[in-house]
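Residues per chain are reported as follows:
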Amino acid sequence: MKVLIVGGVAAGASTAARIRRLDEMAEILILERDQYVSFANCGLPYHIGKIIPDRNSLLLHTPESLKQKLNIEVRTQHEVIKLHPASKEVEVKDINKGSTYKESYDKLVLCPGASPIRPPIPGANTPGVFVLRNIPDMDRIISQIDKGAKRAVVIGGSYIGLEVAEGFHAKGLHTTILEMSDRLMPWLDKEMTRILHFHVNSKKVDVKLGVAAKSITSKGNMLEIQLSNGEILETDVIVMATGVRPNVELAKEAGLKIGTRGGIAVNAQMQTSDPDIFAAGDAVETPHLITGAATLSMLAGPANRQGRIAADVICGKKSSYRGTQGTSVVKAFDMSVGGSGLTEQDLQRIGMDFRKIYLHPNDHAEYFPGASPMFIKVLFEPKEGKILGAQVLGWSGVDKRIDVFAMAIRAGMTIFDLEHLELSYAPPYASAKDPVNMAGFHGSNLLRGDIHLCYSEEFPECAERVTILDVRTRPEFDHWHIPGAILIPQTELRARIDELPKGKPIYTYCRSGVRSYMAYCILKQRGFKEVFSLAGGLMTYHGYHKTPLASGSAGYPVVTHAEDILAQKPGAVDHL
Ligand code: FAD
């Protein structure tokens, strides 16, 4: 059997290696148009900032090592320029020689990946303006820095943009991120991203949201970017991290089916509309695990798994791809940010009913040094509680929680199931009630009717019809409170309960939602009928509203100890 693979990085190299493990006699040929094969594209931004110091460590394999270890033939700088499905051949251009030739196959696997999108603005191709997809792209960016660049602009504030910005920052460049939407990491729900914005700003990276680059011009040794808000930025290097589109031209031209999202259409066995042609990775679209709708995943994990499945099927094994859920995480300076499954904006777009909770537990035991709060949002079905999505941000332990949520989503678990997960615990790593368990307790309380929540988006309109009860301490209240709120600290609530106005719903709130839940229990059990606790407390409220924290004019929104204890300590609320 002769298997031809187009593209030799994540999906292509995985396919090839798996075929070799399953079939020692197969003839495997990878055709790769680039100079490098099987390199670590996910590591590229980290070499720009020298967080990964050794360029060679990004080169996971060479044609020689693949030949030696796996008996796979790799031809780099050989571009497949046409498919001939009828004769089971491909046309190849030898880039160095400029000549073309035909290569036959029994099975063909298309793993051509995706190409970065350069926004169609004047000057997008000016020297000094780069994209980042492969090693030569990275080398070009580094050589521009090495010419003495002092300023950098990154267009696009999603994960590659953030990673590149961190790389520039690490090299000492004054860095600006331009993001056309109203938030960094636009695929997360907006209220979750404000803390990230705040954090990136705190590193002296200039973040401009809601601003697009209109044009770029070269001015001597520097570049000028004209922005949609009329501003003009001067810079020495620009990276466009504005998304990618699947490379489908070969497939399209050969008459293979292209899906509704613009990726190569494949079945669960990764077969295209031609059963002898398979496809995997960024170039394909696959069903979303929860909705079944076609999705472009653009992530390394799915690319590798899809390649493995294509190889299994080619070698006669039963294997199926089970859908994409979009699990991802990114490091943004000291924070980690990510999620899995659907977001609230996704659910609203597809009109699917849901319930949501926010919580801010510490990543590990409060008494163990270095504890820091997490920003967690979980979305689930209103009846059965099936988990639909989760987003997690924080300083530590974020990846672990995202992965537990991802597992739960993959397994079709419910919010009730999270109460029962037995997760590893010791003080440096977690609490006996892990943040994921806490999400289970909280969400289950909500669905069982043991707590009623109000949400930040109801403010300020709700102020006219409800009593807003702040149950934090006096110093916290004096520092900042929701306009119109009255203060009765949770610890004094039992004694002062008669001070509360009757006949109006009560919205309790505190900093993270813990004290306000305790206040909720007191009030409900002492006869107040309509009580609601603010979901996620002020830590989530700041994500929605332009509070002093949200506008960046106040300090660090981090609590490392139990809130009420912390609030009694001198200076402890200075960060708000
Ligand atoms: P690719 O890895 O892009 O490989 C496709 C290859 O096909 C390319 O080398 C290309 O030259 C070759 N090719 C294309 N057309 C032809 C042709 N006609 N003939 C011959 N060869 C051809 N994902 C994560 O999950 N986590 C991360 O942290 C992460 N970080 C990333 C950081 C960066 C900077 C980038 C660029 C991507 C990152 N990704 C990350 C995404 C991840 O790298 C991709 O999802 C993954 O590489 C897709 O694999 P693929 O094999 O489909 O495509």
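Residues numbered from 1 in each chain as written. Predicted model: local features only at pLDDT ≥ 70, side-chain atom pairs only at ≥ 80, totals over all residues. Heavy atoms only, no water.

Visitor: Is there a simple way to think about the overall build of the protein in this case?
Guide: Secondary structure summary: the protein contains 16 helices and 31 strands in total. At 27 Å, the protein has a C-alpha radius of gyration in line with the 25 Å of a compact globule built from 576 residues. Seen along its three principal axes, the alpha-carbon backbone of the protein occupies a region of about 90 × 60 × 40 Å. Among the 576 residues that make up the protein, the fraction classed as buried is 56%. Long-range contacts, defined as pairs at least 24 residues apart, comprise 62% of the intrachain contacts of the protein with a sequence gap of at least 6. Positive and negative side-chain charges of the protein, numbering 66 and 64 respectively, have mean locations separated by a distance of 1 Å. (Helix = DSSP H or I, 4+ residues; strand = E, 2+ residues; numbered from the N terminus. Rg over C-alpha atoms; globule rule 2.2 N^0.38 Å. Buried < 20%, exposed > 50% of the residue type's maximum accessible area, 1.4 Å probe, protein only. Contact = heavy atoms within 4.5 Å. Lys, Arg positive; Asp, Glu negative; His and termini not counted. Charge placed at Lys NZ, Arg CZ, Asp CG, Glu CD.)

Visitor: How should I be thinking about a nonpolar patch on the surface in this particular structure?
Guide: A contiguous nonpolar surface patch, about 340 Å² in accessible area, is contributed by Y367, F368 and Y425. You can see F368 is positioned in the loop between β24 (355-359) and β25 (374-380). (Patch = residues over 30% accessible without salt bridge, like charges linked within 9 Å, V, L, I, M, F, W, Y side chains within 5 Å. Areas by Shrake-Rupley, 256 points an atom, 1.4 Å probe, with all protein chains shown as cover. Salt bridge = Lys/Arg side-chain N within 4 Å of Asp/Glu carboxyl O.)

Visitor: Would you mind showing me how to read the sheet that holds strand β1 (residues 2-6) here?
Guide: Pairing between sheet strands relies on hydrogen bonds along the backbone, with the strands arranged either parallel or antiparallel. Read from one edge of the open sheet, five strands run β3-β2-β1-β7-β19, paired in parallel fashion. The open sheet has two edge strands, β3 (73-76) and β19 (277-279), and neither has a second partner. When strand polarity is set aside, the average angle formed by the axes of neighbouring strands in this sheet is 20 degrees. Strand direction decides the pairing type here: strand β7 (residues 107-110) and β19, joined by three bridges, are parallel. Looking at β19, one finds that V109 is bridged to F278. Packing against the sheet, helix α1 (residues 10-22) makes contact with β1, β2 (27-32) and β7, and its axis sits at approximately 170 degrees to β2. (Pairing = 2+ DSSP bridges. Axes fitted to C-alpha atoms, helices over the stretch in contact; angles between N-to-C directions.)

Visitor: What am I meant to see in the pairing of strand β22 (residues 328-332) here?
Guide: When a strand is regular, its side chains alternate between the sheet's two faces. Burial along β22 is one-sided: the residues S328, V330 and A332 are buried and none of V329 and K331 is. Pairing of β22 with strand β23 (residues 335-341), which is carried by five bridges, proceeds in the antiparallel orientation. Across the sheet, residue V330 finds its bridge partner in β23, namely V337.

Visitor: Any chance you could explain the packing of α1 against helix α8 (residues 300-314) here in plain terms?
Guide: The description of two packed helices rests on the angle between their axes and on the distance between the axes. It is at 7 Å that the axes of α1 and α8 come closest, and there the two elements cross at 35 degrees. The chirality of how α1 crosses α8 is right-handed. Counting all contacts with α1, which are made through A10, A11, S14, T15, R18, I19, R21 and L22, the residues of α8 involved are A303, N304, G307, R308, A311, D312 and I314. Class assignment for the residues of the contact of α1 with α8 results in seven nonpolar, four polar and four charged. (Left-handed = near helix turned anticlockwise from the far one by under 90°. Nonpolar A, V, L, I, M, F, W, Y, C, P; charged D, E, K, R; others polar.)

Visitor: Please explain the site of the ligand as it appears in this structure.
Guide: Close contacts around the ligand come from 29 residues, with A11, E32, R133, D282 and A300 the closest. Within the contact set of the ligand, an oxygen atom lies 2.8 Å away from a backbone nitrogen or oxygen of A11. Within the contact set of the ligand, an oxygen atom lies 3.1 Å away from a side-chain nitrogen or oxygen of N41. With the chains in place, 91% of the 1,000 Å² that the ligand exposes on its own is no longer accessible. Of all elements in the fold, only α1, β2, β4 (78-84), α5 (159-170) and α8 reach the threshold of two or more residues within the shell around the ligand. A class-by-class count of the residues in the shell around the ligand yields 18 nonpolar, five polar and six charged. (Near = heavy atom within 4 Å. Polar contact = N/O pair within 3.5 Å; in protein donor to acceptor, adjacent residues only side chain to side chain.)

Visitor: Even after reading the chapter, I still don't get the pairing of β23, so can you show me in this structure?
Guide: Counting buried positions along β23 yields seven of seven residues, so the element is predominantly enclosed. Here β22 hands over to β23 after two residues, with F333 in that stretch at a positive phi of 55 degrees. Here β23 runs beside strand β26 (residues 387-394); their pairing, made up of six bridges, is antiparallel. Residue G338 lies in a different strand from β26, and its bridge partner there is V392.

Visitor: Explain the sheet that holds strand β12 (residues 206-209) here, please?
Guide: If you trace the five strands from one edge of the open sheet to the other, you get β9-β16-β10-β11-β12, paired in parallel fashion. With one partner strand each, in any of the chains shown, β9 (129-130) and β12 form the two edges of the open sheet. Here strand β10 (residues 151-155) runs beside strand β11 (residues 174-179); their pairing, made up of five bridges, is parallel. Bridged to A152 within β11 is T175.

Visitor: Hey, could you run me through the packing of helix α10 (residues 398-410) against helix α12 (residues 435-448) in this one?
Guide: In contact at an axis separation of 9 Å, α10 and α12 are set at 50 degrees when each is read in the N-to-C sense. Accordingly, the angle class assigned to the pair α10 and α12 is oblique. Contact residues: R401, V404 and F405 in α10; P435, V436 and A439 in α12. By residue class, the composition of the contact of α10 with α12 is five nonpolar, no polar and one charged. (Parallel < 35°, antiparallel > 145°, perpendicular 65-115°, else oblique.)

Visitor: Hey, could you run me through the environment of F333 in this one?
Guide: Summarising the element assignment, F333 is placed in the loop between β22 and β23. You can call F333 buried: its relative accessible area is 7%. Once the C-alpha coordinates of F333 and E179 are considered, the two residues, 154 residues apart in sequence, prove to be 18 Å apart. Residue contacts for F333: discarding those within four places in its chain leaves A165, E166, H169, H199, V200, K203 and V205.

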